[in-house]
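A structural walkthrough
Listed below are the residues making up each chain.
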Number of protein chains: 2
Amino acid sequence: MNASQFSTKQRILGAAEVLFARYGFAGASLRQVTAAANVNLAAVNYHFGSKENLIEEVFRRRLDDLNARRQTALTKVEKRADATLEDALDAFIRPALQLSLDRSGGGAFMRVLARAYAEHDDRLRRFLSDNYGHVLREFVVVFHHMLPHLDKEELYWRLDIVAGALTYAMADFGVIKRKGGTSEQSHRERAAEHLVRFAAAGLRAP
Amino acid sequence: MNASQFSTKQRILGAAEVLFARYGFAGASLRQVTAAANVNLAAVNYHFGSKENLIEEVFRRRLDDLNARRQTALTKVEKRADATLEDALDAFIRPALQLSLDRSGGGAFMRVLARAYAEHDDRLRRFLSDNYGHVLREFVVVFHHMLPHLDKEELYWRLDIVAGALTYAMADFGVIKRKGGTSEQSHRERAAEHLVRFAAAGLRAP
DNA sequence: GTATCCTTCAAACAGTCGTTTGACAGAGTG
DNA sequence: CACTCTGTCAAACGACTGTTTGAAGGATAC
């Protein structure tokens, strides 16, 4: 008899996502995770093999979707002859925003993703590069067409800055304190708007 | 008999900085820290009281200096009538860059700082706000003079993006892989140059 | 000289960690 | 019916966690 409509695996992934976001990968214990998921401690090692594998699965579940959404949005941009730089940026940023607004823990996941950057862990970086890399390269091609005055290296630098600012904004790291009436969701929406405008100008800089 | 010319306290702080950067606050244990510092385990609680206090001291040691350098640089900018937006940005970014280039672990500290953002820990955030806040507000005043077309809230958003991109860049999070011959230092210098140009254009955007 | 302080040390404290085990229940198959 | 496979469970494994203790050393003060 389960306490939820979701499977043990899904409940573990959901609880792990929230707790990794809050306390970090080392800071959140499997006992915390399994307690929050209403699941026996041994279930993690039964279903995932190890804590490290659980961490990777937390990423995989969301990144597959994020990648696909970005890919789709980019393809649409590529097909339009009159697409602007803002459109391409939107194809990159909006899927991340939508994921972060997802009811079921997407906001937590963006913080987990930001933690992954901070971890600087080789295994995690390779994993993310394998899952992120090819989509990012496609974006570079499109941006390269739209910004012919930038050589490839310069473009890489600027996109790296955009990625950093995006990660930072979506993870809600900023010093900007949300005003009383503002929800976390509309806060992120505002952040995305500002980010697109800022990034477009930054990319267009000579 | 000490294994180093530095005091026990200084050696603990140095080792803690490096290990917190690499493994995180929860991930690095006091036994790792004291072993790396060639110091007895009990020395941490003797000199700092607790692990949490040690973490704060790691920040204080560097932030006092960083704040002072930014303050000084900003004052110089304020005194010049012909100062540009790039000058003000430089006053903000260059001290962080110089700290990150510091021989004795400054680079590690920038990663620790980035981790602090990722931690989202209330105590740590309050601590940073107390030590960072007033300098940041002074920068806002100067930027506000230079960018009269932006209202205060818009300006806050954009500076928040700049801060995010800076943190990200100085912590060397990016996907840009350093080429073989490039040192970590010159990599950071390049990053700072690109960042100033990008941020200036982004801030000037209508 | 004795007394006082600061610092270091090995050892132990009570918990928590990730992981493993073996028993047990239920479903599916023959 | 017996057999196997899958999932869950409490309990235990050894290793590691931050912190505390009391003894010991060395310097300084009187």
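Residues numbered from 1 in each chain as written. Chains lettered and ligands numbered in written order. Predicted model: local features only at pLDDT ≥ 70, side-chain atom pairs only at ≥ 80, totals over all residues.

1. A closer look at the overall build of chain A
Looking only at helices and strands, chain A has nine helices and zero strands in total. For chain A, the α and β elements follow one another from N to C terminus as α-α-α-α-α-α-α-α-α. Over its C-alpha trace chain A gives a radius of gyration of 18 Å, about what one expects of a compact globule, namely 17 Å for 206 residues. The C-alpha extent of chain A, read off along each of the three principal axes, is 60 × 40 × 30 Å. Every one of the 206 residues in chain A was classed for burial, and the buried ones make up 41%. The contacts in chain A between residues at least 6 apart in sequence include a share of 66% that link residues at least 24 apart. (Helix = DSSP H or I, 4+ residues; strand = E, 2+ residues; numbered from the N terminus. Rg over C-alpha atoms; globule rule 2.2 N^0.38 Å. Buried ≥ 20, exposed ≤ 12 C-beta atoms within 10 Å, placed from the backbone. Contact = placed C-beta atoms within 7 Å.)

2. Looking at the environment of Leu124 of chain B
Here Leu124 of chain B shows up in helix H7 (residues 122-146). In this structure, the C-alpha to C-alpha distance between Leu124 of chain B and Glu17 of chain B, residues 107 residues apart in sequence, is 15 Å.

3. Here's the deal with the protein's contact with DNA strand D
The immediate surroundings of DNA strand D are formed by 16 residues, with Thr8, Asn40 and Ala42 of chain A together with Ser29 and Ser50 of chain B found nearest. Looking at the surface near DNA strand D residue by residue, the class counts come to eight nonpolar, six polar and two charged. (Near = placed C-beta within 6 Å. Nonpolar A, V, L, I, M, F, W, Y, C, P; charged D, E, K, R; others polar.)

4. A closer look at the domain arrangement of chain A
Residues and elements named next belong to chain A. Segmentation of chain A into domains returns domain 1 (1-49) and domain 2 (56-204). Look at where the C-alpha atoms of domain 1 and domain 2 centre, and you get two points 27 Å apart. Between domain 1 and domain 2, the residue contacts involve 10 residues of the former and 11 residues of the latter. A total of seven residues in the side of domain 1 that touches domain 2 trace back to one element, the largest contributor, which is helix H1 (residues 8-23). (Domains from an automatic or database assignment.)

5. Re the relation of the copies chain B and chain A
Two copies of one chain are present, and they are related through a rotation about an axis combined with an axial shift. Take chain B, turn it by 180 degrees, move it 0.0 Å along the axis, and it overlays chain A with an RMSD of 0.0 Å. Those values place the two copies in the arrangement expected of a two-fold rotation axis. (Least-squares fit on C-alpha atoms with pLDDT ≥ 70 in both.)

6. Overview of the interface of chain B and chain A
With 33 residues of chain B at the contact, the number on the chain A side is 34 residues. A class-by-class count of the residues in the side of chain B that touches chain A yields 19 nonpolar, eight polar and six charged.

7. Section: helix H4 (residues 51-79) of chain A
Because an α-helix completes one turn every 3.6 residues, residues spaced three or four positions apart along the sequence face the same direction. Residues and elements named next belong to chain A. Across its 29 residues, H4 extends 43 Å between first and last C-alpha, which sits within 8% of the 42 Å expected from 1.5 Å per residue. Of all the bends in H4, the greatest, near 25 degrees, is centred on Leu63. Considered for burial, the residues of H4 that qualify are Leu54, Ile55, Val58, Phe59, Arg62, Leu66, Arg70 and Leu74. On its buried face, H4 is in contact with H1, helix H3 (42-48), helix H5 (85-101), helix H6 (106-119) and helix H7 (122-146). (Expected span 1.5 Å × (residues − 1). Bend = angle between axes of the 7 residues up to and from the residue.)

8. Re the protein's contact with DNA strand C
By nearness alone, 16 residues border DNA strand C, and Ser29 and Ser50 of chain A together with Thr8, Asn40 and Ala42 of chain B come closest of all. For the surface near DNA strand C, the secondary-structure elements that each account for two or more residues are helix H2 (30-36) and H3 of chain A together with helix H3 (42-48) of chain B. In the surface near DNA strand C, the residues fall into eight nonpolar, six polar and two charged.

9. Thoughts on the packing of H1 of chain A against H6 of chain A
Residues and elements named next belong to chain A. Running from amino to carboxyl end, H1 crosses H6 at an angle of 55 degrees, the nearest separation of the two axes being 8 Å. As far as their axial angle goes, H6 and H1 are oblique. Two packed elements cross with a definite hand, and for H1 against H6 that hand is left-handed. On H6, the residues that touch Glu17, Val18, Phe20 and Ala21 of H1 are Ala108, Phe109, Arg111, Val112 and Arg115. Classifying every residue of the contact of H1 with H6 gives six nonpolar, no polar and three charged. (Axes fitted to C-alpha atoms, helices over the stretch in contact; angles between N-to-C directions. Parallel < 35°, antiparallel > 145°, perpendicular 65-115°, else oblique. Left-handed = near helix turned anticlockwise from the far one by under 90°.)

10. A closer look at the nonpolar core
The biggest cluster of nonpolar side chains holds 123 residues, and the ones touching the most others in it are Ala165 and Leu195 of chain A together with Ala165 and Leu195 of chain B. Ignoring sequence-local partners within four residues, the contact set of Ala165 of chain B consists of Ile161, Gly164 and Ala165 of chain A together with Leu195 and Ala199 of chain B. (Core = buried A, V, L, I, M, F, W, Y, C linked by C-beta atoms within 7 Å.)

11. Section: the environment of Glu154 of chain A
If you trace the backbone, Glu154 of chain A turns up in helix H8 (residues 152-170). Sequence separation between Glu154 of chain A and Glu78 of chain A is 76 residues; the distance between their C-alpha atoms is 22 Å.

12. Overview of the environment of Leu89 of chain A
All names here are of chain A. Along the chain, Leu89 falls in helix H5. Assessed through the 25 C-beta atoms surrounding it within 10 Å, Leu89 is described here as buried. Measuring from C-alpha to C-alpha, the distance between Leu89 and Val162 comes to 9.3 Å, with 73 residues separating the pair along the chain. Those residues in contact with Leu89, other than ones at most four positions away along the chain, are Val196, Ala199 and Ala200.

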